[in-house]
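Below are the chains, spelled out letter by letter.
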Amino acid sequence: MKKQMRQSTLETLGLGSVLDIFINGKLPVTANELVDKVFGTAEERGSLVISGANGIVGAGKAMQLGSRLQEFDVPVVALDFPGVSDGIAKKYTGLVGAFGRENANQIMGNIIKLSYDGKSLPKGLAGYKPRFLLEAIPEILEVKKQHYKMFRDEFPDIKIKSVTSGFPSSSLGVGVAHPAFPHEINKVWEIVEEQPSDSTKLLWALGMIPMNVSDDWAFVLDVLFCGITSAATRYCDSTNMPYWKADKYVRKYLGCNPFRAHDAIGATGANFLTWSCLHHLGEHYGDLFTPSASLVEKKDSGMNWYPLNHFRPLVDWAMNEDDKKEFDAWVLGGIIQMTSLMLHENRSHLSQMNLIGEICAQFKSGVIAMIRELGADKACELVNEYHKLHPEAKESAWYPEVFENIDSPEWQQLYVNAEHDGKVGVISINRESYNHDVDKELNRAIDWLNSENINSIIVTGDFHFSTQMVGADTTDFFAAIEDTSKGIEISATWSATARRLYSDFDISVGYINGKRCLGGYLELMMHCDYLIAEDNTTLGMPEVTLPVIPGMEGCHWLFRKMNEADYPKLLTMLLTGKSVKAKRAVGWLTDFTGSTQDCIKMAWKLANGENKDVIKREINENGLESIASNIPEFDNFGDESLAFTREAMTNCIVNSCEANIKDALAIQANISGNFMTTKQFKKGTIGTIYAKTCLV
C-alpha cells in the first residue's frame, strides 16, 4: 500500500507521483507522444502560432518553445502587426550564445514571421495548419476576446491559451499559460485549466515547469510580484524613503528587487502591467490591492523607479530598530495578508505557491516558508500592525484562520516529500539549492520513513521543479561571515543530516535526474550507498572558485569509498573546480550511469536488492594514511586567493581523511566554518554578494 507525507506536485499535472515513476520503470509521458497529440502526427504536423510575437513575452516564448519544438518539426508562426519593432530578431544573439550559430540558424529557420492587421488573419496562415495559439497581445480584455473569435472562426478546432498575467480564464474564455519572467530562460508557467491537458504535459516533457493554479485574478506570481511592489511603494510614500533605497532593503530582507525589476523589464510596460493587476485585484478584493497614487503616476509617466547614479543622494538611510518594525509592518504585513487570500482561495499546492515566490518573484525564502518560520502568531501580529498603518486594508481579504494548519505536512514539507510502497521509500527534493529549510525537512522525511519501518530508500529530485541541483544556498552562509560559530554549525548540522542516508537505512540509492548536480547537493548524494546519474549529467565541486571549503564532507567522504588509484581524479575536481560528465566518473564518483529509463530501472532494482551487477563500495571508517602523498600540485598563476583557498582545502582534505570517520565530521566543519571569516572569502563571490545585499 502506497503512502506519502503529502501529495506530490506531479500529481497536480496528472502525471502520478515520483514513487510511481520508479514502480513503473519509466517517465509517465514522453515529448514524442505528446507532440503528436498536440500538433498532429508527423504526416499531419500542425503549427504553434504565437500572436504578439514581437513583444517581450511573445519573442521570449518563441525562442524558448522554438528551440524545443524544432527537433519535432513543429513550425512556430510568429504573428504581429507590420512595422512593429522586430523583437524576435533581437533574440538571435542570445540564441547563438546558448546553442551555437548553426543550431540557432536552424531554430530561427523554423520560425515563420507573418503580419496581420488585427481584424483578419493572413491568408498564408492556413497553410501552416495552426493547431495551438499562444496569445501574447496587450492586456485589453475586449481586444483579446475579439482575437480569439477571429481564430476560432477560421480554425474551429484550434486550442488557445493566453499568457495574461491577470485576467482569469473565466473572463477570457480560454485557458491560461502565464509564463514567468525572464521569458527566454525561466521555465515556470502558471496554468489555468479544468483538467491537466496534453499541452501542459507537453511543457513538462519538454523540460519546463508547468504549475496548476486556480482561476482567480492575477494567479500567484503577480499577486506576489505586484503585491511586493505595492507594499514597498506604500512604505516609501509613508516614510519618504527613496524607491531605490527601499528596494535595497527589500532585497536585503526578502531577496527581491521589485523596483529594479520594473526598470529592467522596461518601466513603461512593467508599470502598466503592475498597475493593471493591482487595479483589477482592488476592484475584486478591496483596498489591500488598490494602486497607490504614486504607482498610478509611474504608470502614467512610464518613468523608471531608479534615478541615474549621480542623482541618488549620498545619504546613509540606515534603519534603527523602530524603522525596521515599520518596514516589516508595511512590507511583510501586506504580503502576509495577500498570501492569506491565496490560501483561503486554495490557489495552488502549497509547495508550488511557495516556489513560485522563489523561482519567479525572487524571494530568497518562499512566502509559505517565510510565514512558517515566523509562526502563525507573529504573522498575524505583523498584519495587525500593517492595519494600523493602512486601515483600509483591514476591511478586505484578511483570513487569519488559514494559518491554523501551519503544523500540517503540507506546510511542513514544502521542499522535501517522502513516499513508500511498504518496502521502498522515495525521498524527493524540489529545491535546487540546499538550505536550512531543506535540511530540516529532509530530517523529518527520514524520521517519517523510519517510523514507517522503511529500510531501503531512493533519494532524488522531484521530476518537476528540480531540473538541476546547484549546491548550497550561499545566502545561508551570510551569518557565518562575521561569526565563525554559525559556519561551523551549518557544516556540522548539514553533514549530520547527510550521514543519515548512510546510517539510517540498509540500502540507500542516490539518483541524480537533473542536468547537473554540484557542491553541497553532490556531497549529500554521495552519502548514499549507490550513486546513479544519467550519462550526460554534469557533476562538480566548484567551491574552490567561489571560494569556500566544502562543508558537507566533500573533502573526505568519497575518498573513503574509492580506490587509491582514483584519488587524483577527485583531488583534481576539488582543487580546480572542474566538473565531469557522470558517464566518465563511473567507479570513483558514480556507480551506474545510462539513459533516464535505464537509471530509473536500476535505482528501483538496487533499492529492492534485486541487482547484483553493481557492487556496493564500502566506507572505510578508519583514517586514510596515503592521502597526503597523492595531493597534486597546480599552478596558481599568481592568484593569491586561489593559492590560499587551495592550501586551506588541502588542509581540510588531509586532516579529515587521516582522521577516523567519527572525528572527521568535526574537523571538516571547523575548517569550513573558520574559512568563512577570512579576507579571501569576504572578497570572493559569496562575500561580495553579501556586501552588496546586506551592507546597505
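Residues numbered from 1 in each chain as written. Predicted model: local features only at pLDDT ≥ 70, side-chain atom pairs only at ≥ 80, totals over all residues. Heavy atoms only, no water.

1. Regarding the overall build of the protein chain
Put simply, the rule reads: For helices the rule is a DSSP run of H or I covering at least 4 residues; for strands it is a run of E covering at least 2, with both sets numbered from the N terminus onward. It is over C-alpha atoms that the radius of gyration is taken, and the globule rule equals 2.2 Å times the number of residues to the power 0.38. In this description, contact between two residues means that some pair of their heavy atoms is separated by no more than 4.5 Å. In this description, accessible areas are obtained by the Shrake-Rupley approach with a 1.4 Å probe, and a residue is regarded as covered only by the protein chains that are shown.
Looking only at helices and strands, one finds 27 helices and 20 strands in the protein chain. Scaling as 2.2 N^0.38, a compact globule of 696 residues should have a C-alpha radius of gyration of about 26 Å, and the protein chain matches this with 26 Å. Each of the three principal axes of the protein chain carries a C-alpha extent, and together these read 80 × 70 × 55 Å. Long-range pairs, those at least 24 residues apart, make up 75% of the contacts in the protein chain with a sequence separation of at least 6. Counting every atom, the protein chain has about 27600 Å² of accessible surface; 50% of that belongs to carbon and sulfur.

2. Digging into the packing of helix α16 (residues 367-374) against helix α19 (residues 436-451)
For clarity, the cut-off: Each axis is a line fitted through C-alpha atoms, and for a helix only the stretch in contact is used; angles between axes span 0 to 180 degrees, taken between their N-to-C directions. These descriptions rest on fixed angle ranges, namely under 35 degrees for roughly parallel, over 145 for roughly antiparallel, 65 to 115 for roughly perpendicular, and the rest for oblique. Classification used: nonpolar for Ala, Val, Leu, Ile, Met, Phe, Trp, Tyr, Cys and Pro, charged for Asp, Glu, Lys and Arg, polar for all others including Gly.
Across the interface, α16 lies against α19 with an axial gap of 12 Å and an inter-helix angle of 75°. Relative to α19, the element α16 is oriented roughly perpendicular. Within the contact between the two elements, α16 uses Ala369, Arg372 and Glu373 and α19 uses His436, Asp437, Glu441 and Arg444. Residue composition of the contact of α16 with α19, grouped by class: one nonpolar, one polar and five charged.

3. What to know about a positive patch on the surface
Rules: Exposure above 30% relative accessible area and the absence of a salt bridge qualify a residue for a patch, where like charges join within 9 Å and nonpolar side chains (Val, Leu, Ile, Met, Phe, Trp, Tyr) within 5 Å. Any carboxyl oxygen of Asp or Glu within 4 Å of a side-chain nitrogen of Lys or Arg constitutes a salt bridge here. Charged residues are defined here as Lys and Arg on the positive side and Asp and Glu on the negative side; His and the ends of the chain fall outside this count. Every charge is mapped onto a representative atom, which is NZ of Lys, CZ of Arg, CG of Asp or CD of Glu.
Taken together, the side chains of Lys515, Arg516, Lys581, Lys583 and Arg584 make up a positively charged region of the molecular surface. Mapped onto the fold, Lys583 is located in the loop between β19 (580-581) and β20 (592-594).

4. Overview of the environment of Thr576
Stated formally: Per-residue accessibility, obtained with a 1.4 Å probe over protein chains only, is compared with the maximum for each type, and a residue is labelled buried under 20%, exposed over 50%, and partly exposed between these values. Between N or O atoms, a polar contact is any pair within 3.5 Å; within protein, one atom must be a potential hydrogen donor and the other a potential acceptor, and residues adjacent in sequence are included only when both atoms are from side chains.
Residue placement: Thr576 occurs in helix α22 (residues 567-576). When its relative accessible area of 17% is taken as the criterion, Thr576 is described as buried. Reaching out from Thr576, the side chain makes a polar contact with the backbone oxygen of Thr572 at a distance of 2.5 Å. Reaching out from Thr576, the side chain makes a polar contact with the backbone nitrogen of Lys578 at a distance of 3.2 Å.

5. Describing the side chain of Lys144
Take Lys144: it is sitting in helix α6 (residues 141-154). Looking at Lys144, its side chain comes within polar contact range of the main-chain oxygen of Ile137, at 3.2 Å. Not counting chain neighbours up to four residues away, the residues in contact with Lys144 comprise Glu135, Ile137, Pro138, Glu139, Ser162, Thr164, Phe167 and Leu172.

6. Some words on the sheet that holds β19
Keep this limit in mind: Only strands joined by at least two bridges in the DSSP assignment are considered to pair.
Spatial ordering of the open sheet is given by β16-β18-β19, a layout of three strands whose pairing is mixed. Each edge of the sheet is formed by a strand with only one pairing partner; in this case those strands are β16 (516-518) and β19. Relative to β19, strand β18 (residues 538-540) runs antiparallel, the two sharing two bridges. Following the sheet pairing, Leu539 is matched in β19 by Val580.

7. Some words on the sheet that holds strand β2 (residues 47-51)
The mixed open sheet is built from eight strands, whose spatial order is β4-β3-β2-β5-β6-β7-β8-β9. Both edges of this open sheet fall to β4 (111-115) and β9 (209-212), since each of them pairs with a single strand only. Here the average twist between neighbouring strands, direction ignored, is 25°. Where strand β8 (residues 188-192) lies against β9, four bridges are found, and the strand directions are parallel. Bridging across to β9, Ile191 finds its partner in Asn212. Its contacts with the sheet put α6 on β2, β3 (76-80), β5 (130-135) and β6 (159-162), and the angle it makes with β5 is roughly 175°.

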